[in-house]
Amino acid sequence: MAEAAANLNPSDDLATLRSETALTVTAAADLAALDEIRVGILGKKGRLTEMMKSLGALAPEARKERGAALNVLKDEMTALIDARQKILSAAAMQDKLARESIDVTLAARPASEGRVHPISQTIDEIVTIFASMGFAVAKGPDIESEYYNFEALNIPSSHPARDMQATFFLPGTDPKYKTVLRTQTSPVQIRTMMGQKPPIRVIAPGRTYRVDYDQTHTPMFHQVEGLVIDEKSHMGHLKGCLLDFLRAFFGIADLPIRFRPSYFPFTEPSAEVDIGCSRKNGEIKLGNHGDWLEILGSGMVHPNVLRNCGIDPDHYQGFAFGMGIERLAMLKYGIPDLRTFFEADLRWLKHYGFLPLDIPNPALKA
Ligand code: DAH
């Protein structure tokens, strides 16, 4: 009908195109529909384009007049379509944002294949428990001077305790003290006491090294050291501190502990600590079952050690303890062979490792 009108009255067909376009453009539901309308009017074979093409057939005067009118109409149509396009684009963006929005109330679903190594997990748990008791984390280097690793800890070079800690020696530059891979985390005690004034309350988890390899020894392993120095802390505090830690760590509320007199050069008196267990059919089960299992070494910091660090033993005192992290992890998570910790076997890690958001010990939540 528009075609017919165009033939009958050349100016009417412009009015028709104008009003029809206004209607269809406003009704266009999405960008694709709008584009179809644009092509139908302004495209190569569009209605307005066809009208432009037919200008040549007109007399010069009429051509001028209609040409000008067509240009006005073209600008109008373009503006109309552009305005609608803006609205539809904004709506499309809103729609996309709504569809792709993240529901933060949804529980996280870790899909990753990655696992937290049991050693990392165990260190995190140890740090969490001691942090709740007011301990800070202290650090020291893996490559250590004999001075910090032995000498300052009251283990002079002639001391038999040096032989017990099969040491890796490294080339060093100090003529007086050799350079070693630290055999224990105890040198961090020395560095901490030399670096800060009491009161001190730190734990120091980290790697340690000894020349040893069998089912219960690996050349690299982990220890955590504890150190408390102030004016009053005594063996009773040491026992309470370790009792709380071990019960929280193993998640056993009535886990008994037992102090056995022992000897370490850097503590006096010294004690080894056992935890309750049972050993039925070769299987160790922790708890109040009548049998005992050694778990760590501890004692009151030796006055010589305090003196070596510039702390007056007549004024300050405190306790220290040290334990193997692999041993804690093996007992808690039922891992039978120490060597497997460091074999980088992905099947092992998948079995014994932890998902990043796991909270395996309910006692830690409290
Ligand atoms: N450093 C000792 C070891 O490697 C463990 C230890 C025992 C650390 C008693 C201490 C302690 O701080 O007081 O066997």
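Before reading further, recall that the structure is shown in the block above.
The rules behind these values
Residues numbered from 1 in each chain as written. Predicted model: local features only at pLDDT ≥ 70, side-chain atom pairs only at ≥ 80, totals over all residues. Heavy atoms only, no water. Near = heavy atom within 4 Å. Polar contact = N/O pair within 3.5 Å; in protein donor to acceptor, adjacent residues only side chain to side chain. Helix = DSSP H or I, 4+ residues; strand = E, 2+ residues; numbered from the N terminus. Nonpolar A, V, L, I, M, F, W, Y, C, P; charged D, E, K, R; others polar. Core = buried A, V, L, I, M, F, W, Y, C linked by side-chain atoms within 4.5 Å. Buried < 20%, exposed > 50% of the residue type's maximum accessible area, 1.4 Å probe, protein only. Contact = heavy atoms within 4.5 Å. Phe/Tyr/Trp six-rings, centres within 6.5 Å; stacked < 30°, edge-to-face > 60°. Lys, Arg positive; Asp, Glu negative; His and termini not counted. Salt bridge = Lys/Arg side-chain N within 4 Å of Asp/Glu carboxyl O. Pairing = 2+ DSSP bridges.

Caption draft 1: Representation of the site of the ligand. In the neighbourhood of the ligand, 15 residues make up the surrounding shell, with Gln 184, Ser 186, Arg 210, Gln 223 and Glu 225 lying closest. Here Gln 189 contributes a side-chain N or O atom positioned 3.0 Å from an oxygen atom of the ligand. Of all the elements in the fold, those that place two or more residues in the shell around the ligand are strand S6 (220–230), strand S10 (291–301) and strand S11 (317–324). Of the residues that constitute the shell around the ligand, the class distribution is four nonpolar, nine polar and two charged.

Caption draft 2: View of the nonpolar core. Ranked by size, the top nonpolar core spans 42 residues in total, and within it Ile 126, Phe 130, Phe 245, Leu 246, Phe 250, Ile 275 and Phe 321 carry the most contacts. Take this core: its biggest share by element is seven residues, from helix H10 (residues 235–250). With sequence-adjacent residues up to four places away left out, Phe 321 is seen in contact with Phe 130, Ile 203, Val 224, Glu 225, Gly 226, Leu 238, Cys 241, Leu 242, Leu 296, Gly 297 and Ser 298. Counting 21 residues, the second largest nonpolar core, distinct from the first, contains Leu 153, Val 188, Leu 227 and Phe 266.

Caption draft 3: Expanded view of the packing of aromatic side chains. Under the definition given, this model contains 12 aromatic pairs. Ring geometry for Phe 245 versus Phe 249: centroids 5.7 Å apart, planes at 25 degrees, classification stacked. Linking Phe 245 with Phe 249, this pair stays in helix H10, spanning four residues, or about one helical turn. By relative accessible area, Phe 245 is classed as buried at 0%. A residue is classified by how much of its surface remains accessible, and Phe 249, at 0% relative accessible area, is buried.

Caption draft 4: Local environment of the side chain of Arg 84. Within the secondary structure, Arg 84 is located in helix H5 (residues 60–100). Among buried charged residues, Arg 84 stands out as having no salt bridge; its nearest opposite-charge side chain is Asp 30, 8.8 Å away. Separated by 3.5 Å, the side chain of Arg 84 and the backbone oxygen of Thr 26 make a polar contact. Not counting the four nearest positions on each side in its chain, Arg 84 is found in contact with Val 25, Thr 26, Ala 28 and Leu 34.

Caption draft 5: Structural context of the pairing of S6. Extensive coverage of S6 is indicated by the burial of 11 of its 11 residues. Of the two faces of S6, the one lined by Met 220, His 222, Val 224, Gly 226, Val 228 and Asp 230 and the one lined by Phe 221, Gln 223, Glu 225, Leu 227 and Ile 229 are each fully buried. One ladder, built from 10 bridges, connects strand S5 (residues 200–209) with S6; its direction is antiparallel. Its bridge partner being in S6, Gly 206 is matched across the sheet by Gln 223. Alignment of S6 against S11, held across eight bridges, turns out to be antiparallel. Within the sheet, the bridge partner assigned to Gln 223 lies in S11 and is Gly 324.

Caption draft 6: Spatial organisation of the side chain of Arg 182. Assignment of secondary structure puts Arg 182 in the loop between strand S4 (179–181) and helix H9 (187–195). There is a polar contact of 2.6 Å between the side chain of Arg 182 and the backbone oxygen of Arg 207. The residues touching Arg 182, leaving out its near neighbours within four places in the chain, are Gly 140, Pro 141, Asp 142, Glu 144, Asn 149, Pro 187, Val 188, Gly 206, Arg 207, Thr 208 and Tyr 209.

All quantities given are derived from atomic positions and should not be read as evidence of function.
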